[in-house]
Amino acid sequence: MYSKITSFFSSSVQIFYPEVCIGCGKAGHYKGLEICLVCKSGLPRLHMDVSQENPVNKVFYGRVSLKFAHSFLHYNKGGVVKSMIHDLKYGNRPMVGKYLGKLYALELRERNNLNFENAVLAPVPLHPEKFARRGYNQSEEIAKGVSEVFNLKVINSLIKRTHNNSSQTTMNRMQRVHNAQSLFQINVLNQKIPKDIILIDDVITTGSTIEACANAIHASYPETQVSVMSLAYSD
């Protein structure tokens, strides 16, 4: 009886409050996909392989040692990806991150022969004050989607953010680099650190945030391999 009532209520909600596509914003019934088929097929995929020669890896040349760096979508001002990530971060829609993270991982697995057997996922952390305001960490939601596909453990407490820095969305590249310095450190509660860590972030622009996270890991554990997966890349 309870399940029938719940099902009826859910259906009624869908009738009066249809889902809204995270791409075009049109209302519809997308069966939990978060995105209409037109927008899904038109996502600006980067179609890059996991190799040392891809553009995201080159961002970190001479700056920090990474096993690999990879991104799924191309981010540009005024584009659909910017709209989706803004919705994820500021629109109280954490499910967008999980959905896109899973889509990313599925397509990554299809294109590359990957062995993540001993790896763990470490979302780039928010400062506790920002987390309290938002209620979730968008990078953690992306990591949850990736985890479902690769069956990897998500460790949220591996790295902590030491300062509540201002938003970087309006900063230029040099300002972002300066802003990210000394922002992160290894959480002292984690005495045994994994040997293979994949950092998960929403957007890579200058790479300053990832560089700061990786440097924090290598400062205490220089033998640990660090990789990066981000939902989007802005060149």
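Residues numbered from 1 in each chain as written. Predicted model: local features only at pLDDT ≥ 70, side-chain atom pairs only at ≥ 80, totals over all residues. Heavy atoms only, no water.

Caption draft 1: Representation of the overall build of the protein. Summing up its helical and strand segments, the protein has 9 helices and 9 strands in all. Buried residues in the protein amount to 51% of all 235 residues. Across the protein, contacts joining residues at least 24 apart in sequence account for 72% of those joining residues at least 6 apart. A total accessible area of about 12600 Å² is found for the protein, and carbon and sulfur atoms account for 54% of it. (Helix = DSSP H or I, 4+ residues; strand = E, 2+ residues; numbered from the N terminus. Buried < 20%, exposed > 50% of the residue type's maximum accessible area, 1.4 Å probe, protein only. Contact = heavy atoms within 4.5 Å. Areas by Shrake-Rupley, 256 points an atom, 1.4 Å probe, with all protein chains shown as cover.)

Caption draft 2: Structural context of the packing of aromatic side chains. Under the counting rule described, the total for this entry stands at 3 aromatic pairs. Plain terms: the ring middles of F72 and Y104 are 5.1 Å apart, the flat faces sit at 5° to each other, and that makes the pair stacked. Separated by 32 residues along the polypeptide, F72 in strand β3 (residues 69-74) and Y104 in helix α5 (residues 94-111) bring together distant segments of the chain. Here the two residues F72 and Y104 agree in accessibility, since each one is buried. Ring centres of F116 and F150 lie 4.9 Å apart, and the angle between their planes is 65°; this geometry places the pair in the edge-to-face category. Residue F116 is located in the loop between α5 and β4 (120-123), and its partner F150 is located in helix α7 (residues 138-150); the two are separated by 34 residues in the primary sequence. F150 sits in the buried class, given a relative accessible area of 16%. In this structure an aromatic cluster arises from ring pairing among F68, F116 and F150. (Phe/Tyr/Trp six-rings, centres within 6.5 Å; stacked < 30°, edge-to-face > 60°.)

Caption draft 3: Here's a closer look at the sheet that holds β4. Judged by pairing direction, the sheet is parallel, and its 5 strands sit side by side in the order β3-β9-β8-β4-β5 without closing on themselves. Of all the strands in the sheet, just β3 and β5 (153-154) have a single pairing partner and so form its edges. Both strand β8 (residues 196-204) and strand β9 (residues 225-233) contribute to a ladder of 8 bridges, which runs parallel. Across the sheet, the residue bridging to I198 is S227, located in β9. Sheet contacts for α5: β3 and β9; angle to β3, the most-contacted strand, approximately 115°. Helix-sheet contacts for α7 involve β4, β5, β8 and β9, and the interaxial angle to β8 is about 125°. (Pairing = 2+ DSSP bridges. Axes fitted to C-alpha atoms, helices over the stretch in contact; angles between N-to-C directions.)

Caption draft 4: Geometry of unusual backbone geometry. Its identity is not glycine, yet H47 carries a phi of approximately 50°, on the positive side. Structurally, the position occupied by H47 is in the loop between α2 (37-41) and α3 (55-59). Residue classification places H47 among the exposed residues on the basis of a relative accessible area of 51%. Even without glycine at this site, N151 takes up a positive phi of about 55°. Note that N151 resides in the loop between α7 and β5.

Caption draft 5: How the structure looks around the pairing of β9. Across the 9 residues that make up β9, a large majority, 8, are buried. The parallel pair β8 and β9, bridged by helix α9 (residues 208-220), forms a crossover whose chirality is right-handed. (Right-handed = clockwise from strand over helix to strand, strands pointing away.)

Caption draft 6: Main features of α9. The terminal C-alpha atoms of α9, which comprises 13 residues, lie 19 Å apart, in line with the 18 Å expected from a rise of 1.5 Å per residue. Among the 13 residues of α9, 10 are classified as buried, and the element is accordingly described as predominantly covered. Residues S208, T209, I210, E211, A212, C213, A214, A216, I217 and H218 constitute the buried set of α9. (Expected span 1.5 Å × (residues − 1).)

Caption draft 7: Here's a closer look at helix α4 (residues 80-90). Where α4 is concerned, the buried positions are V81, M84, I85, L88 and K89. Angular distribution of buried residues about the axis of α4 spans 130°; they occupy a single face of the element. Summarising the contacts, the buried residues of α4 are in contact with β3, α5, α6 (128-134), α7, β8 and β9. A positive phi of about 55° marks N92, the residue just after α4. (Arc of directions from axis to C-beta.)

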